[in-house]
Structure formats: C-alpha cells, structure tokens
Amino acid sequence: DAKTTQPPSMDCAEGRAANLPCNHSTISGNEYVYWYRQIHSQGPQYIIHGLKNNETNEMASLIITEDRKSSTLILPHATLRDTAVYYCIVRVPNSGGYQKVTFGTGTKLQVIP
Amino acid sequence: NAGVTQTPKFQVLKTGQSMTLQCAQDMNHEYMSWYRQDPGMGLRLIHYSVGAGITDQGEVPNGYNVSRSTTEDFPLRLLSAAPSQTSVYFCASSYSVRGNQPQHFGDGTRLSIL
C-alpha cells in the first residue's frame, strides 16, 4: 500500500506562499495524489488532485516530481482562513479492484498575521 | 443539491445503547464511506460501499455495522455503544471509486458515549 509522509506542522506568514510537502515514495503508476484540508472541526474539503502533470485551480497548485515520489501543494497567497490541517492522500487499491481511501495525520498549517 | 447530509450533528449515548448515524447524498454517487476522527488523529476508515448492496470493512470496523440498500443512503449502526467509540464521525461520497473523482464530506456527527 502506498503511504504518505507529511510534516506535522508548518507556519506561513499571511500573504506569502505556503508550500506543503508530501512524500509518497511507493506510489504506483496509476495512483492519483489528492489534497484535502480540514478547517477546525468541519468535514474535510477537497482542494486538488493530479497524476503526473502539475495542476492548478482557483484554490491551489499541485507540483508532482517527475519520479512521482513526492509532491508539493502551493497556496500562492495564504490568508488566515487557510489555517487548517492539510492531508495528502494516495489512492490505495485492494485485491477486489476497488479502492480504499485512507487519511494520515496531515500537516497543520498555521497562517500568521 | 444538498451534497452529503449527516444526522444528527450531536448525540450523547450511554454505554450499551444502540443508535444509527444517518448519511444521505443526492449526487448519485457510487462510492460512500464512513470515517471516525479522534482528537489529534487523522481520519480512519470504518466501512465503505462501492454501490447499493455492496459493503466492505475499512481500518477500524469492529463495533460498527453498515448496509447500503439504496444509492443515496449509507447508515452506520452502533449495536452496543462503548466509551471508546466517542469520536467525530464523517460520511463521504464520490462519483466512482474507480475513477479519479474526489470525495465530498458531510459536516460530521459528534458522538459522546458515557
């Protein structure tokens, strides 16, 4: 099973770019990388996902290394509302061909005024 | 389009009581799942379903039962509540687990077992 490793916490100054790393060295060729965040005690919120190429949407950018063993989520101009726990997830297939999705402990991002 | 709806939002039970946490989605999603989240920990998968009539166990299934009689609903049952089941429970759904679609989460049920 592919697993992810993230730093437990990070700080970022308001208005600056927040770069959140994730290692997934055992990722398989057809597994996507997903990022979610959880603000306070709300339900997790989807941010972005990708397979090989870098991706960008209105919330963030996702940079995946060429060997796909790591990725970085970039919040270009962090605001106080971006303070949250960020989860990096890799889809994990099981023997039945279906995919369980499991979450780790994530990175707690604190945006500082 | 309400997304994923969980009820109740809060519940207090006594040890040994039973209850059902409700989860409904109106997006015609194939995949639904239940997670629990304990303080300081990530989400742990309890049970999941890839379609009506099909369920399977996740990481922490003991003490919980599920069923999926319709595409829309995926209730989680606690047959005999224990203090160790005090947690926040999240339900999630996605269009298809075989594709690359992301999951949509409900707002959670905060459950306390006394």
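Everything here concerns the structure above.
What counts, and where the lines are drawn
Residues numbered from 1 in each chain as written. Chains lettered and ligands numbered in written order. Predicted model: local features only at pLDDT ≥ 70, side-chain atom pairs only at ≥ 80, totals over all residues. Heavy atoms only, no water. Pairing = 2+ DSSP bridges. Helix = DSSP H or I, 4+ residues; strand = E, 2+ residues; numbered from the N terminus. Buried < 20%, exposed > 50% of the residue type's maximum accessible area, 1.4 Å probe, protein only. 1 Å grid on protein atoms, 1.4 Å probe; cavity = no way out; pocket = protein on both sides within 12 Å on 5 of 7 lines; lining within 4 Å. Points joined across faces, edges and corners; volume = space filled by probe spheres on them. Nonpolar A, V, L, I, M, F, W, Y, C, P; charged D, E, K, R; others polar. Salt bridge = Lys/Arg side-chain N within 4 Å of Asp/Glu carboxyl O. Axes fitted to C-alpha atoms, helices over the stretch in contact; angles between N-to-C directions. Contact = heavy atoms within 4.5 Å.

## Looking at the pairing of strand S6 (residues 54-57) of chain B
All names here are of chain B. With four bridges connecting them, strand S5 (residues 43-51) and S6 associate as antiparallel partners. Note that in S6 the partner of His47 across the bridge is Gln57. Joining the antiparallel neighbours S5 and S6 is a turn of two residues, in which Gly53 adopts a positive phi near 85°.

## Notes on the pairing of strand S11 (residues 109-113) of chain B
Residue and element names in this part refer to chain B. Residues Thr109, Leu111 and Ile113 of S11 are buried on one face, while the alternating residues Arg110 and Ser112, pointing to the opposite face, are not. Pairing of strand S2 (residues 10-13) with S11 involves four bridges; the strand directions are parallel. Within the sheet, the bridge partner assigned to Leu13 lies in S11 and is Ile113. Judged from the three bridges that link them, strand S9 (residues 87-94) and S11 form a sheet pairing that is antiparallel. Counterpart to Tyr89 in the pairing with S11 is Thr109.

## Observations concerning the layout of surface pockets
There is about 290 Å³ of room inside the second largest pocket. Surrounding the second largest pocket, 16 residues form its lining, Gln37, Asp38, Pro39, Gly40 and Met41 of chain B being those nearest its centre. Among the secondary structure elements, those contributing two or more residues to the lining of the second largest pocket are strand S8 (84-90) of chain A together with S9 of chain B. Tallied by class, the residues present in the lining of the second largest pocket amount to six nonpolar, seven polar and three charged.

## Notes on the pattern of salt bridges
Scanning the entire structure with this criterion turns up three salt bridges over all chains. The residue Asp82 of chain A makes a salt bridge to Arg37 of chain A at a minimum N-O spacing of 2.8 Å. In this pair, Asp82 of chain A sits in the loop between strand S7 (70-75) and S8 while Arg37 of chain A sits in strand S3 (residues 33-38), placing the two residues 45 residues apart along the sequence. With respect to class, Asp82 of chain A is no different from Arg37 of chain A; both count as buried. Three or more residues joined by partner-sharing salt bridges are found here, namely Arg36, Asp38 and Arg44 of chain B.

## Here's the deal with the sheet that holds strand S11 (residues 107-112) of chain A
Residue and element names in this part refer to chain A. Across the sheet, five strands lie side by side as S1-S11-S8-S3-S4; this open sheet has mixed pairing. Bordering the open sheet on either side are strand S1 (9-13) and strand S4 (45-50), each of which pairs with just one other strand. Within this sheet the neighbouring strands show an average axis-to-axis angle of 25°, counted without direction. Pairing of S8 with S11 involves three bridges; the strand directions are antiparallel. Following the sheet pairing, Ala84 is matched in S11 by Leu109.

## Considerations on the environment of Ser41 of chain A
Locating Ser41 of chain A in the fold gives a position in the loop between S3 and S4. Residue classification places Ser41 of chain A among the partly exposed positions, given a relative accessible area of 33%. Sequence separation between Ser41 of chain A and Ala84 of chain A is 43 residues, and the spatial gap between their C-alpha atoms is 9.5 Å. Residues contacting Ser41 of chain A, with those up to four places away along its chain left out, are Phe90, Asp107 and Arg110 of chain B.

Read these as spatial facts, not as claims about activity.
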